[in-house]
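# An overview of the molecular structure
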Amino acid sequence: MATASAIDWPALEKALRQVLPPRAVVSKAQELLSYDCDGLTMDRHQPPLAVLPDSTEQVAAVLKLCHEQGVPFVARGSGTGLSGGALVEQEALLVITSRMRQVLSIDLNNQTIRVQPGVINSWVTRAVSGDGFYYAPDPSSQIACSVGGNVAENSGGVHCLKYGVTSNHVLELEVVLPDGTVTTLGGPLAEMPALDLRGVFIGSEGTLGIATAITLRLLRQPEAVAVLLADFTSMEAAGEAVRLVTASGILPAGMEIMDNFTIRAVDQMLEQELYPADAAAALLIELDGSSAEVELAAATTAELCRQAGARDVQVATTSDDRARLWQGRKSAISALGRLYPSYYLQDGVVPRSALPKVLARIDELSREHELPVANVFHAGDGNLHPLILYDGREEGVHQRVKDLGAAILRLCVDSGGSISGEHGVGADKRCFLDWMFSPADLETMQLVRKAFDPLQRANPGKLFPTPVSCGESSRRAQQIQLPKGVEVV
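Residues numbered from 1 in each chain as written. Predicted model: local features only at pLDDT ≥ 70, side-chain atom pairs only at ≥ 80, totals over all residues. Heavy atoms only, no water.

The next point concerns the sheet that holds strand β1 (residues 25-26). Read across the open sheet, the four strands follow the order β1-β2-β4-β3; overall the sheet is mixed. The strands lining the two open edges of the sheet, one partner per strand, are β1 and β3 (73-76). The sheet contact formed by strand β2 (residues 49-51) and strand β4 (residues 93-96) spans three bridges and is parallel. If you follow Leu49 over to β4, its bridge partner there is Leu93. Along the sheet, helix α1 (residues 9-19) makes contact with β1, β2 and β4, crossing β2 at roughly 15°. Strands β2, β3 and β4 of the sheet are contacted by helix α3 (residues 56-69), whose axis makes an angle of about 165° with β4. (Pairing = 2+ DSSP bridges. Helix = DSSP H or I, 4+ residues; strand = E, 2+ residues; numbered from the N terminus. Contact = heavy atoms within 4.5 Å. Axes fitted to C-alpha atoms, helices over the stretch in contact; angles between N-to-C directions.)

Right, dumping it as structure tokens:
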């Protein structure tokens, strides 16, 4: 790989302007400032040069130039990622797909839609809702995040409990590899013969290439939907309700919990008591299916919530009433952002049975580090979203915030969980990847990466721990006896 000092940026810019429209090349410093971070605003790195292609052909031409001139590149969608995956830490060309916003085709007979990577998540459902279909994965940022970014991170959302994450809804990918070659991964069927390279690419966080066309699976809109809101005097009681509902055999479309900190922030922002202000926890449960099925499941779920200690259970069946109950959950992060200048959001995962213990320990860690933490999470699959709230102007606070975030993730791993459920590893959590995987595991992952990108120019330095960025990870690896022929990357 060419080093930063060896890259001739003026020459690259000139070559890019020959293959791209004038407005597709961004080189002015004040314009590049717009891309110095993603949703992880704590770390900022301004790219030296950026391009905004609008077609597969343009992306291929850009990556071919990068390959010929030895230039690393970083792909970026809407910039809503929360793990620093779109940061340009090392000097690299930033390839922004936000102008690739075309719906390429819709095939309702086979329940598929083909889109460019810059299409916003919520636009997919909007394109087919009039015909009775929808797209299931729905991250909280769905009105802003792009499908290409969802593929890169294998994003989840409120409904992943029943319907799965992005990988469960992607059939085929048109991908530009790091050398500029265009290839197709997957196919028109949910299960294709041979190696599942489609599955390998999804969640690879921009380290294998750039997806330029994505075929998604559509679902029929359910006949009936009900949303229940149950409030509790303790988080343990809310967790017990989750356990009782899932143990009963009912499979909700989604189950979300908000703590009192979040409840009060939402009510304050919306200027109404959407959720009871004195509740220790609010549990939202969405049920869908046939009318008879939903009616029975709603009655059973409400009774199970009361058995667990719910003070009150509201049931909403009309579209407006359901949207009202979901409004607070969808705006929770924005509401908390109004109270503090900055926040740091993690997304560790724990088994459902460990939720009460883990949440209690997070509360203790919050006091130990003297930083407030708000909790809102996908209760059905144990995907936590603790928000560490802070004021970035306070001296030394960034390190304290990162230390607390690391302690929370360590807690998740020690409880039998994971360091990420849907936000990815990126730059933020790469130094913790060896908490879950052995050096041999990491080396095998790197071999897969090198099969797609032998020179490792795609999103360099992300996802995997390196001695440069993760000195402690390197020391841990050196203390382990590696199998013969395996080296630390």
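Now that the structure is up, let's keep going.
The next thing to look at is the state of the cysteines. Summed over the entire model, instances satisfying the criterion amount to one disulfide. Covalent S-S linkage joins Cys431 and Cys470, the inter-sulfur distance amounting to 2.0 Å. Around the S-S axis, the bridge from Cys431 to Cys470 shows a dihedral of about -80° and counts as left-handed. Of this pair, Cys431 sits in the loop between α14 (397-414) and α15 (439-452) while Cys470 is found in the loop between α15 and α16 (471-478), placing the two residues 39 residues apart along the sequence. The buried category is assigned to Cys470, whose relative accessible area is 2%. Counting only cysteine sulfurs, Cys145 is the nearest neighbor of Cys37, a cysteine outside any disulfide, at a range of 17 Å. There is no disulfide at Cys305, and the cysteine sulfur nearest it, in Cys160, is 19 Å away. The exposure class of Cys305 is buried, given its relative accessible area of 0%. (Disulfide = S-S within 2.5 Å. Buried < 20%, exposed > 50% of the residue type's maximum accessible area, 1.4 Å probe, protein only.)

Evaluated as defined, the whole model comprises two cavities of 30 Å³ or more. Taken as a whole, the largest cavity spans an internal volume of roughly 40 Å³. Forming the boundary of the largest cavity are Gly39, Leu40, Leu82, Tyr343, Tyr344 and Leu345. Considering only residue class, the lining of the largest cavity consists of five nonpolar, one polar and no charged. What the second largest cavity holds in volume is close to 30 Å³. Lining of the second largest cavity is provided by Met235, Glu236, Gly239, Ile257, Leu355, Pro356, Leu359 and Phe377. Across the lining of the second largest cavity, the residue classes break down as six nonpolar, one polar and one charged. (1 Å grid on protein atoms, 1.4 Å probe; cavity = no way out; pocket = protein on both sides within 12 Å on 5 of 7 lines; lining within 4 Å. Points joined across faces, edges and corners; volume = space filled by probe spheres on them. Nonpolar A, V, L, I, M, F, W, Y, C, P; charged D, E, K, R; others polar.)

A few words now on the sheet that holds strand β16 (residues 342-345). With antiparallel pairing, the seven strands of this open sheet are ordered in space as β15-β12-β14-β13-β17-β18-β16. Pairing within the sheet leaves two strands with one partner each, and these edge strands are β15 (312-316) and β16. The mean inter-strand angle of the sheet, taken between neighbouring strand axes irrespective of direction, is 20°. Relative to strand β18 (residues 386-390), strand β17 (residues 373-378) is paired through three bridges, and the arrangement is antiparallel. Considered in β18, the bridge of Ala374 is made with Leu387. In the packing of helix α9 (residues 260-270) onto the sheet, contacts are made with β13 (254-259), β14 (281-289), β17 and β18, and the angle to β13 comes to roughly 90°. Along the sheet, α14 makes contact with β16, β17 and β18, crossing β18 at roughly 165°.

Counting 49 residues, the largest nonpolar core has Phe232, Ile257, Cys305 and Leu384 as its most contacted members. Apart from the residues within four sequence positions on either side, Ile257 is in contact with Met235, Ala238, Val242, Ala281, Ala282, Leu283, Asn375, Val376, Phe377 and Ala379. By size, the runner-up hydrophobic cluster in this structure holds 25 residues, among which are Ala265, Leu274, Tyr275 and Ala282. (Core = buried A, V, L, I, M, F, W, Y, C linked by side-chain atoms within 4.5 Å.)

Glancing now at the side chain of Gln58. Mapped onto the elements, Gln58 comes out in helix α3. Take Gln58: its relative accessible area is 14%, and that puts it in the buried class. Discounting residues that sit within four places of it in the chain, Gln58 has contacts with Leu20, Pro21 and Pro53.

Each aromatic ring pair is specified by the distance between its two centres and by the angle formed by the two planes. Summed over all chains, the structure comprises two aromatic pairs. Look at Tyr134 and Tyr163: their rings are 6.4 Å apart centre to centre, the planes differ by 90°, and that puts the pair in the edge-to-face class. Placement of Tyr134 in strand β7 (residues 133-134) and of Tyr163 in helix α6 (residues 160-163) is noted, with a sequence separation of 29 residues between them. Here Phe432 and Trp435 contribute two aromatic rings whose centre-to-centre distance is 4.5 Å and whose plane-to-plane angle is 20°, an arrangement assigned as stacked. This pair shows no difference in class: Phe432 is buried, exactly as Trp435 is. One Lys or Arg, Arg264, reaches over the ring of Phe261 and ends 5.9 Å from the middle of that ring. Directly above the aromatic system of Trp435 lies the positively charged group of Arg410, at a separation of 4.6 Å from the ring centroid. (Phe/Tyr/Trp six-rings, centres within 6.5 Å; stacked < 30°, edge-to-face > 60°. Lys NZ or Arg CZ within 6 Å of the ring centre and 35° of its normal.)

Another point: the environment of Ser78. Along the chain, Ser78 falls in the loop between β3 and β4. Overall, the relative accessible area of 27% leaves Ser78 in the partly exposed class. A sequence separation of 41 residues divides Ser78 from Val119, and the C-alpha atoms of the two residues are 9.4 Å apart. The residues contacting Ser78, other than those within four sequence positions of it, are Ile120, Ala144, Cys145 and Ser146.

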